[in-house]
Each structure stands twice: as structure tokens, then as C-alpha cells.
There are 2 protein chains.
Amino acid sequence: MTQLRGRARELQRDAVRRAIAEAATTLFLTSGYDRTTMDDIAREVGISVRSAFRYVETKEETILGPMAEIGDAIAARVRAADQRQSAWDALVHAVARFADELAAEGESGKARSRLLATTPQLRGGLADKRRHWADAISPAVEQRLDDEVVARAMVAAVLAALDVVVEKWAFSEEPVALSDLFHRVAGAVGDH
Amino acid sequence: MTQLRGRARELQRDAVRRAIAEAATTLFLTSGYDRTTMDDIAREVGISVRSAFRYVETKEETILGPMAEIGDAIAARVRAADQRQSAWDALVHAVARFADELAAEGESGKARSRLLATTPQLRGGLADKRRHWADAISPAVEQRLDDEVVARAMVAAVLAALDVVVEKWAFSEEPVALSDLFHRVAGAVGDH
DNA sequence: TTCCTCATTGGCAGTCACTGCCAATATAGG
DNA sequence: CCTATATTGGCAGTGACTGCCAATGAGGAA
């Protein structure tokens, strides 16, 4: 039963992590990143600061943690794409699917995106995430391309373009269709 | 004489900043980023920690500070490029010139690049710099393109590709020509 | 030269992120 | 109920950074 026990523990851990992410996001959004201390977050969740740091490695991770899996999801979609599709097209479509999911979150997704865009202290963590995404996605792209450096550069370029588009979307008044915008921009970057 | 006096002060400031950058780079390279304290850097320069923080805002800035001007330099080159050149080509060539300068630094440039690539704590500052570069360069690209978002995305994409190429170059054993590699990769990303 | 003014300096104390250590506590399985 | 094991939270310490203030130093006026 050690298996089950371990699994239960993991589920419990994930629940706490989600609670931390939720509390942190709310607090950052209402009081600002700097003016929110780890103490505030821990208190909101109902645990000690010392324990909070057993669930997240850094303050940045409180809000960025949940973004970890996205890279794998995108990589899986690249792999699953029709083999006749070019590396670029497979990649752009896979990333666009993520854009759709973000857009589906509605206003909360927009608010979070605005927070990430306007909080310089989060950029280190954000860069880390993007790096991990790139590490996950690049091999899938490389398989269609046979060139490691080009594959990595292509992934980095597309993710960078995504960032620009998401920021534009997050701050635009009129409702813009995020993935349409992304497709348009990616097309323009790819054609020049 | 207030003018001259002010200028002298500025020159003095820049000299101290350079001394800080040099000391920080050396110390980070020999002892590692974490194991180097601001106290160590200040002592090496011969000033107090309190004063050091009047020259640089953060520990990251000690080594990243000198990278600030590069964005403007690239922007100027994009503007200066032949108007018949496409936005993409002008941008890629301007960035390649920077790659040449980096390569011209030789081993010290490589070592610094390796440090930046392997030190996660510097990624926030690095992302900030890249953002500032992008803010400086994008208007110059937009002028040839008439589309703000596409211009920003193009710049972000090319800078992301540059990062990948620089990292590859910094860690490769055999001497690779940095800007050749960059041109090849940029071409591949742009054509797909 | 001497004095005055203003910028720069550096020490001090305080905040906050984060860590190692340890004793108290909870919990699953016998 | 009891024990092995995991989890918890307090405490003290480090290091980045900030506001405050008294001391210092350098240039110009008298």
C-alpha cells in the first residue's frame, strides 16, 4: 500500500500547491507583488511560512508553479501532429492551442497575464519557465527538422512571439481573438 | 562651470560602474554568483556596500549593467540600413553585427556568455535587458513594416534566436563563427 | 587661504526572502 | 494502542536591499 499512500500524499501536496497559487495570485493582484509577503500568503493558506517554502521554492513559484506542465503539453501536440506538416506549422499550431486555452480562461487569464507583464520581479521565473518549455518542445521539433540549433531557435522564436501577442491581447480593450492574432503574427514573422 | 562639473561627475560615475562590473565579473567567474556577496564586490572595488548600491540597483546589475546600450546600437543600425532592405533583413544584419562584436571579445566574451547561460539568478535581469533592447529596436523595425505587433514579435523572435545561437557558440569546443551560425539559423527560422 | 555649500559617503538598523536545525506533532500500518 | 516515518513550525542566521543620518570632501566665494 506504499504506492497508494505515496499517491495520496502527492494529491495532498498538489492541493496545497494549488491553494498557494490561488492565494498568491489574488494577493498579488490586489496588493501588488512587492507589498505581498510570503507571510501574507502563508497566513491566507493557513500554514506557516516555513511550510510554504516546502511547497514552493521561491516566491515567484507561488504564481508561476502551475505553468510548469504547459511545455510538455505543447511538446505532445507537436509530436501528435500530422507527420506531413512542417516543423514550423506543427509548432505554431501546437502553441496556438495553448493560446486558445489561455483565452478560454477569460478575464482571470487576462488579469494574470497583465500581472506577469507588468511585474519585473517575475521575469526571472518567467524566463525559467520558458526555458523549460523550450527544452521540452525542442526535441519534438528537431525530429521534423534534423537540426538541433535551428529547432531550438525556432521554438525560442515562436515562444517569444507568443509573449508579445499575449501581452498585446492582455491589454487591449476590444476583445481580440488571441489565437487569431497569434497566427497572423507568426505568419508574418515566418514569411517576412 | 556647472556643465563641466556635472560631466566630470558623470565620467567618474561611469568609471566606478565599470570597476564594479569588472570586479563582479571576475568574482562571479571564479567563485560563482551565489558565493559572491555584494560585500565581496564592494571590498574589491574599495567602496562600501552602501555606496555600491548607489551605482547599481541590484546585484544582477553589477554584471548586466554594461549591456544597456546595446539595444540602442542595434536600433541605430536598423535605421541606418538601406531603405530597400526588408525589415527582417535589416534587423538580422544589425543583430549579426552585435554578434560580431561579441565574438571579437574572444575568450572573455565566451566565458561571460557561459556565465549568463548557466546562472538562473541572472535570468530576470537578462530578460529585462532583452525587453529594453526590444523596446529600443521595435520602432526602427516598425518603420519598415507598418505593424506594431508584428514588429515587436519579429524583434523578440530574432533576439530569442540570438540567445540560442550565443549559448551554442559559448559552449562549443571547435571555434564556430558566431555570426555565420546566427545567419544560418535566422535564415532557417525565417524560411521554415 | 579660509570658510561655506552641496554632493557623496558609509555606518546602522530594519525588512524580507530563504535555509538549516530541531523539537513537537500527526498519521498509516501493525 | 503503539511505533516508524513524514510533516510541521518556530528559531536563528545569511544576504540583498532601503531609509536615515552624521561625517567627509571638493569647489567656489570671500
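We now turn to the structure provided with this report. Quantities reported herein were computed from a predicted structural model and do not represent experimental measurements.

### Things to note about helix H8 (residues 123-142) of chain A
All names here are of chain A.
Turning to step 1, where the next piece is worked out: Look at H8: 27 Å from first C-alpha to last across 20 residues, which is about the 28 Å you get at 1.5 Å a residue.
Turning to step 2, where the next piece is worked out: The largest bend in H8 comes to about 30°, at Ala136, with the proline Pro139 one to four residues further on.
Turning to step 3, where the next piece is worked out: With 15 of its 20 residues buried, H8 lies for the most part within the structure.

### Quick notes on the packing of helix H8 (residues 123-142) of chain B against helix H9 (residues 148-171) of chain B
Residues and elements named next belong to chain B.
Turning to step 1, where the next piece is worked out: Close contact between H8 and H9 brings their axes to 8 Å; oriented N to C, the two are set at 130°. Overall, the two elements H8 and H9 adopt an arrangement that is oblique. With respect to the hand of their crossing, H8 and H9 are arranged in right-handed fashion. Only Glu148, Ala151, Arg152, Met154, Val155, Ala156 and Leu159 of H9 make contact with H8, whose side of the interface consists of Arg130, Trp133, Ala134, Ile137, Ser138, Val141 and Glu142.
Turning to step 2, where the next piece is worked out: Looking at side-chain class alone, the contact of H8 with H9 contains nine nonpolar, one polar and four charged residues.

### A word on helix H6 (residues 87-104) of chain A
Residues and elements named next belong to chain A.
Turning to step 1, where the next piece is worked out: Taking 1.5 Å per residue as the helical rise, H6 with its 18 residues ought to reach 26 Å, and the 26 Å between its terminal C-alpha atoms agrees with that figure.
Turning to step 2, where the next piece is worked out: The set of residues buried in H6 consists of Ala87, Trp88, Ala90, Leu91, Val92, Ala94, Val95, Ala96, Phe98, Ala99, Leu102 and Ala103.
Turning to step 3, where the next piece is worked out: Just downstream of H6 lies Gly106, where phi reads positive at about 70°.

### A closer look at the relation of the copies chain A and chain B
Turning to step 1, where the next piece is worked out: With an RMSD of 0.0 Å, chain A superimposes on chain B once it is rotated by 180° and translated 0.0 Å along the axis. Accordingly, the operation relating the two chain copies is best matched by a two-fold axis. Minimal C-alpha distance to the rotation axis in chain A is attained by Gly124(A), lying at 1.6 Å.
Turning to step 2, where the next piece is worked out: The share of interface residues of chain A whose copies in chain B are also at the interface is 100%, consistent with both copies meeting through the same surface.

### Points about the environment of Asp34(A)
Turning to step 1, where the next piece is worked out: Within the secondary structure layout, Asp34(A) lies in the loop between helix H1 (2-31) and helix H2 (38-45).
Turning to step 2, where the next piece is worked out: Taking the C-alpha atoms as reference, Asp34(A) lies 19 Å from Ser48(A); in sequence the two are 14 residues apart.

### Description of the protein's contact with DNA strand D
Turning to step 1, where the next piece is worked out: Around DNA strand D lies a shell of 15 residues, among which Ser48(A), Ser51(A), Thr37(B), Thr58(B) and Lys59(B) are the nearest.
Turning to step 2, where the next piece is worked out: Counting only elements with at least two residues in the surface near DNA strand D, the list comes to helix H3 (49-55) of chain A together with helix H2 (38-45) and helix H3 (49-55) of chain B.
Turning to step 3, where the next piece is worked out: The leading source of residues in the surface near DNA strand D is H3(A), at three residues.
Turning to step 4, where the next piece is worked out: A class-by-class count of the residues in the surface near DNA strand D yields four nonpolar, four polar and seven charged.

### Let's talk about unusual backbone geometry
All names here are of chain A.
Turning to step 1, where the next piece is worked out: A positive phi is found at Asp146, a non-glycine position, where the angle reads about 65°.
Turning to step 2, where the next piece is worked out: Assignment of secondary structure puts Asp146 in the loop between H8 and helix H9 (148-171).
Turning to step 3, where the next piece is worked out: Given 9 C-beta atoms within 10 Å, Asp146 falls into the exposed group.

### Overview of the nonpolar core
Turning to step 1, where the next piece is worked out: Within the largest apolar cluster, 90 residues are counted, with the highest numbers of intra-cluster contacts made by Ala161(A) and Ala161(B).
Turning to step 2, where the next piece is worked out: Apart from the residues lying within four places of it in its own chain, the contact partners of Ala161(B) are Ala153(A), Ala156(A), Ala157(A), Val185(B), Ala186(B) and Val189(B).
Turning to step 3, where the next piece is worked out: Among the nonpolar cores identified, the runner-up in size contains 36 residues, and Val45(A), Leu116(A), Leu27(B) and Ala42(B) belong to it.

Quick notes on the rules
- Residues numbered from 1 in each chain as written.
- Chains lettered and ligands numbered in written order.
- Predicted model: local features only at pLDDT ≥ 70, side-chain atom pairs only at ≥ 80, totals over all residues.
- Helix = DSSP H or I, 4+ residues; strand = E, 2+ residues; numbered from the N terminus.
- Expected span 1.5 Å × (residues − 1).
- Bend = angle between axes of the 7 residues up to and from the residue.
- Buried ≥ 20, exposed ≤ 12 C-beta atoms within 10 Å, placed from the backbone.
- Axes fitted to C-alpha atoms, helices over the stretch in contact; angles between N-to-C directions.
- Parallel < 35°, antiparallel > 145°, perpendicular 65-115°, else oblique.
- Left-handed = near helix turned anticlockwise from the far one by under 90°.
- Contact = placed C-beta atoms within 7 Å.
- Nonpolar A, V, L, I, M, F, W, Y, C, P; charged D, E, K, R; others polar.
- Least-squares fit on C-alpha atoms with pLDDT ≥ 70 in both.
- Near = placed C-beta within 6 Å.
- Core = buried A, V, L, I, M, F, W, Y, C linked by C-beta atoms within 7 Å.

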